[in-house]
Amino acid sequence: MNSKYWLYLFFTDLLAELTATALRWNDLRLFTKPLLIVFLFIWCMLSSVKFLPLRYCIAAALFFSWAGDVFLLREAKGAGWFIAGLGSFLLAHIMYIIFFLCVRRKQSMPRPWNTYVITGIAFYSVSLFGFLYPYIGNLKLPVGIYAITIAAMLICAAHAFTKNTKNAARYCITGAALFVVSDSLLALNKFYYSFTGAGVCIMLTYGLAQFAIVKGSLLYLAAENTSLAQNRDEKHL
């Protein structure tokens, strides 16, 4: 099957997941939610060059995201499932951080670390965590660690790319920002106030976040593969 069809399946499943969430068809969500990352994973693997090691950072991030989705589906059965889901997504963000830092290290002239960007992201994360702090209960430590990690992921995404990979940068930075939005909505809905349409908003921003990061990563890997091929050709001349 052509790789693009797996992407079509992803968006079809995302629509089904949003519908099931809105209508509270929880039995259907047992299938639609885990399948999101499965389709995205297959699309990623079929669309990326096999010998580029960085693709496996994205693959690992998607695996941990899939595990997090599965664990969070069982959240109602006990707090332990939420902790397991949180831990899985923490590992996913760490893999994305490794990917972005590796991309940055490969740049001949990496983008300078922007103090304003770092301060803005840190301020938002600290403010949200501070606002939710009285409502989090005994989950303060794991939620705090997670908040630091996802903020670091967005900071790394914002500083990973150069002008030569601006298309990849647009997707990855947008995806990382949407991930922060999705998790912010999830935290507010879980710990502070359960609002109408929260589930749909959370899953929409989450699905688009994962797609955007993977799309940006594929664009970068394609550019890296082209560069490596050009270097090999030049050596043979």
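As a starting point, this report considers the structure included with it.

What counts as what
Starting from 1, residues in each chain are numbered consecutively following that chain's sequence as written. Per-residue local features of the predicted model are confined to residues with pLDDT of at least 70, and side-chain atom pairs are confined, for both listing and counting, to 80 or more; whole-chain, interface and lining totals are unaffected and use all residues. Working from all heavy atoms in the structure, the side-chain values ignore hydrogens and water. Where helices and strands are cited, they refer to DSSP runs of H or I of at least four residues and of E of at least two residues respectively, numbered from the N terminus. Radius of gyration: C-alpha atoms only; globule rule: 2.2 Å multiplied by the number of residues to the exponent 0.38. Accessibility here uses a 1.4 Å probe with only protein chains present; expressed as a share of the type maximum, an area under 20% marks a residue as buried, one over 50% as exposed, and anything in between as partly exposed. Contacts: residue pairs with any heavy atoms within 4.5 Å of one another. A 1.4 Å probe and the Shrake-Rupley method give the accessible areas. Residues count as covered only by the protein chains that appear here. Each axis is a line fitted through C-alpha atoms, taken for helices only over the stretch in contact, and angles between the N-to-C directions span 0 to 180 degrees. For classification purposes, angles smaller than 35 degrees are called roughly parallel, those larger than 145 roughly antiparallel, those between 65 and 115 roughly perpendicular, and all remaining angles oblique. In this scheme the handedness of a crossing depends on how the near helix is turned from the far one: anticlockwise by less than a right angle means left-handed, clockwise means right-handed. Note on definitions: salt bridges are taken to be side-chain nitrogens of Lys or Arg within 4 Å of carboxyl oxygens of Asp or Glu. Classification of ring pairs rests on two measures: the distance between centres of Phe, Tyr or Trp rings, Trp counted by its six-membered ring, which must be within 6.5 Å, and the angle between planes, read as stacked under 30 degrees, edge-to-face over 60 and tilted in between. Ring-over charges, as used throughout, are those where CZ of Arg or NZ of Lys falls within 6 Å of the ring centre and within 35 degrees of the ring normal.

**Comments concerning the overall build of the protein chain**
Move 1: Helices and strands together make up the secondary structure of the protein chain, namely eight helices and zero strands.
Move 2: Element order for the protein chain, N to C, with α for helix and β for strand: α-α-α-α-α-α-α-α.
Move 3: Its C-alpha radius of gyration of 18 Å places the protein chain within 12% of the 18 Å reference for a compact globule of 237 residues.
Move 4: Viewed in the frame of its principal axes, the protein chain has a C-alpha envelope of about 65 × 45 × 25 Å.
Move 5: Counting across all 237 residues of the protein chain, residues that qualify as buried make up 44%.
Move 6: A separation of at least 24 residues holds for 76% of the contacts in the protein chain among residues at least 6 apart in sequence.
Move 7: Surface summary for the protein chain: the accessible area is close to 12,600 Å², and the carbon and sulfur share equals 67%.

**Some points on the environment of Val-126**
Move 1: Residue placement: Val-126 occurs in helix H5 (residues 115–132).
Move 2: Residue class for Val-126 comes out exposed when judged on its relative accessible area of 59%.
Move 3: C-alpha separation for the pair Val-126 and Val-214, spaced 88 residues apart in sequence, amounts to 27 Å.

**Focus on the packing of helix H4 (residues 79–106) against helix H6 (residues 140–158)**
Move 1: Running from amino to carboxyl end, H4 crosses H6 at an angle of 25°, the nearest separation of the two axes being 9 Å. Put simply, H4 runs roughly parallel to H6. Along this stretch, H4 crosses H6, giving a crossing that reads as left-handed. Residues Ile-83, Leu-86, Phe-89, Leu-90, His-93, Ile-94, Tyr-96, Ile-97, Phe-100 and Leu-101 of H4 form the contact with H6, whose participating residues are Pro-142, Val-143, Ile-145, Tyr-146, Thr-149, Ile-150, Ala-152, Met-153, Cys-156 and Ala-157.

**Points about the pattern of salt bridges**
Pairs may arise between side chains of opposite charge once their charged atoms sit close together.
Move 1: Under the definition given, this model contains three salt bridges.
Move 2: For Lys-190, the salt bridge identified is with Glu-75, shortest N-O distance 2.5 Å. Residue Lys-190 is found in helix H7 (residues 166–192), and its partner Glu-75 is found in the loop between helix H3 (55–73) and H4; the two are separated by 115 residues along the sequence.
Move 3: Judged by relative accessible area, Glu-75 falls into the partly exposed class, the value being 27%.

**A short note on the packing of aromatic side chains**
Each aromatic ring pair is specified by the distance between its two centres and by the angle formed by the two planes.
Move 1: In this structure the tally under the stated criterion is 21 aromatic pairs.
Move 2: Considering the side-chain rings of Phe-63 and Phe-64, the 5.5 Å spacing of their centres and the 65° angle between planes classify their relative orientation as edge-to-face.
Move 3: Exposure remark for Phe-63: the relative accessible area of 47% places this residue in the partly exposed category.
Move 4: Taken together through their ring pairs, the aromatic side chains of Phe-10, Phe-11, Trp-43, Tyr-171 and Phe-211 make up a single cluster.
Move 5: Across the ring face of Tyr-56, the terminal group of Arg-55 is positioned such that the distance to the ring centre comes to 5.1 Å.
Move 6: Positioned over the ring face of Tyr-133 is Lys-140, at 4.8 Å from the centre of the ring.

So, to be careful, I would describe these as geometric facts and stop short of saying anything about function.
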